[in-house]
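# Working through the structure, step by step
Letter by letter, the chains look like this.
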Amino acid sequence: MKRALVCGAGGFIGMHLVKKLRGLGYWVRGVDIKRHEWSPDGADQFLQLDLRVEANCGAALTVEGGTFDEVYQLAADMGGMGFIHSAETEIMHNSALINIYMTDQAARLGVPRYFFSSSVCVYRDMQPGEPEMTEAEAVPAHPDNEYGWEKLYSERIAEAYERRYGMQVRIARFQNCYGPEGTWTGGREKAPAAMCRKIAEIDDGGTIDVWGDGSAVRSYTYVSDMVDGIYALTHSELHGAVNIGCPQYVTVDELAVAAAKVAGKRIAIRHVDGPVGVHSRNFSNARIYSLGWTAQVDLEAGLARTYPWIDAQVKAARAASR
Ligand code: NAD
């Protein structure tokens, strides 16, 4: 039986990945600084560890008889635009420490295959209508935020260790990812979850606040597609960073309208000041497509699976506060 370690298994994508790997017959250890809120027993074994501490990275990676066949590193101090703009030092400090120690320990302990979750935040700002950007065009680098700079640095750490130690490193740059069992409130939620929550909180015909003028362009990848992409990439021979994303690009206002349609509510949008991030995104998926991967779940279908889950969380939170 193959053994996999998933770091960040207390989080959104990490736990979905744990479930996929177990479904494929792996024995999976999950590690995180906190337990997963909705699937606390999702892994075969869970270790609660702070991966900013070098010794904890060694402990996470050590298993009876040696180390793991595959390591998936998704732990990060992370959140949506609101968090990214208000927690620059935490992101630069905490996520860098996790990646410095995890990569070093994994290489020294002889992990054969190491996956690292990067982000399309490594790219510069783009304007609507610009042609697709390839992975190589991330340099010369000009990320819009410190989260992107940390990811770029950590990509380079992983690549340096691959050169020195021969550990097979696979790096994905995720587009925005969404789905059930993701952060939906509290300040770290990302745009699709925030939009679903705001719509769940209002009555039919109500108004939701949208940060900025609503014209920023993004693509959103449903979580089952993302974990399929992670698995395909990890088992491929593709070296260097690989974009993973759904090719359906929409404005933030279009995202709100799509979520309202799924909710069956008429909404008005009020544009308010708030952190927006880059103007636009448009990335080449040619590398991940070369593995036969394509996104299977479009935005409407993904929201139809996500909105009911967030609506249920909103209702449960209301009931608990009464
Ligand atoms: P998440 O916040 O749900 O999961 C990250 C997990 O890392 C959390 O459970 C958190 O507790 C854990 N963590 C943080 N500090 C830790 C520490 N010191 N020790 C141990 N664990 C720690 O985020 P996610 O959406 O599941 O993202 C997973 C990965 O994918 C992250 O690296 C993120 O940067 C990357 N990513 C996500 C998206 C997205 O849209 N969700 C987009 C691009 C990249």
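See the structure shown above.
Our subject in this report is the structure included herewith. (Residues numbered from 1 in each chain as written. Predicted model: local features only at pLDDT ≥ 70, side-chain atom pairs only at ≥ 80, totals over all residues. Heavy atoms only, no water.)

We now examine the pairing of strand β5 (residues 113–119). Burial runs high along β5: seven of the seven residues are buried. Where burial is concerned, the two faces of β5 agree: the one with Arg-113, Phe-115, Ser-117 and Ser-119 and the one with Tyr-114, Phe-116 and Ser-118 are both buried. Where strand β4 (residues 70–73) and β5 come together, four bridges link them in parallel fashion. Bridging across to β5, Gln-73 finds its partner in Phe-116. (Buried < 20%, exposed > 50% of the residue type's maximum accessible area, 1.4 Å probe, protein only. Helix = DSSP H or I, 4+ residues; strand = E, 2+ residues; numbered from the N terminus. Pairing = 2+ DSSP bridges.)

Let us now look at the packing of helix α4 (residues 88–108) against helix α5 (residues 146–165). The interhelical angle for the contact between α4 and α5, taken along N-to-C directions, is 10°, at an axis separation of 9 Å. In terms of orientation, α4 lies roughly parallel with respect to α5. Residue-level contacts link Glu-88, Ile-91, Met-92, Ser-95, Ala-96, Asn-99, Ile-100, Thr-103, Asp-104, Ala-107 and Arg-108 of α4 to Glu-146, Tyr-147, Trp-149, Glu-150, Tyr-153, Ser-154, Ile-157, Ala-158, Tyr-161 and Tyr-165 of α5. The class makeup of the residues in the contact of α4 with α5 is 12 nonpolar, four polar and five charged. (Axes fitted to C-alpha atoms, helices over the stretch in contact; angles between N-to-C directions. Parallel < 35°, antiparallel > 145°, perpendicular 65-115°, else oblique. Contact = heavy atoms within 4.5 Å. Nonpolar A, V, L, I, M, F, W, Y, C, P; charged D, E, K, R; others polar.)

All right, on to the pattern of salt bridges then. The tally for this structure, following the rule as stated, stands at 18 salt bridges. A salt bridge links Lys-2 to Glu-70; the nearest nitrogen and oxygen atoms lie 3.2 Å apart. One end of the pair, Lys-2, is in the segment before β1 (3–7); the other, Glu-70, is in strand β4, with 68 residues separating them in the sequence. Relative accessible area serves as the criterion here: at 41%, Lys-2 is assigned to the partly exposed category. One salt bridge in this structure joins Lys-20 and Asp-228, with 2.9 Å as the shortest N-O distance. Taken as a pair, Lys-20 in helix α1 (residues 12–23) and Asp-228 in helix α7 (residues 223–234) lie far apart in primary sequence, 208 residues in all. For Lys-20, a relative accessible area of 22% corresponds to the partly exposed category. For Asp-228, a relative accessible area of 32% puts it in the partly exposed group. A network of salt bridges, in which partner residues are shared, links Arg-113, Glu-162, Arg-170 and Glu-237. (Salt bridge = Lys/Arg side-chain N within 4 Å of Asp/Glu carboxyl O.)

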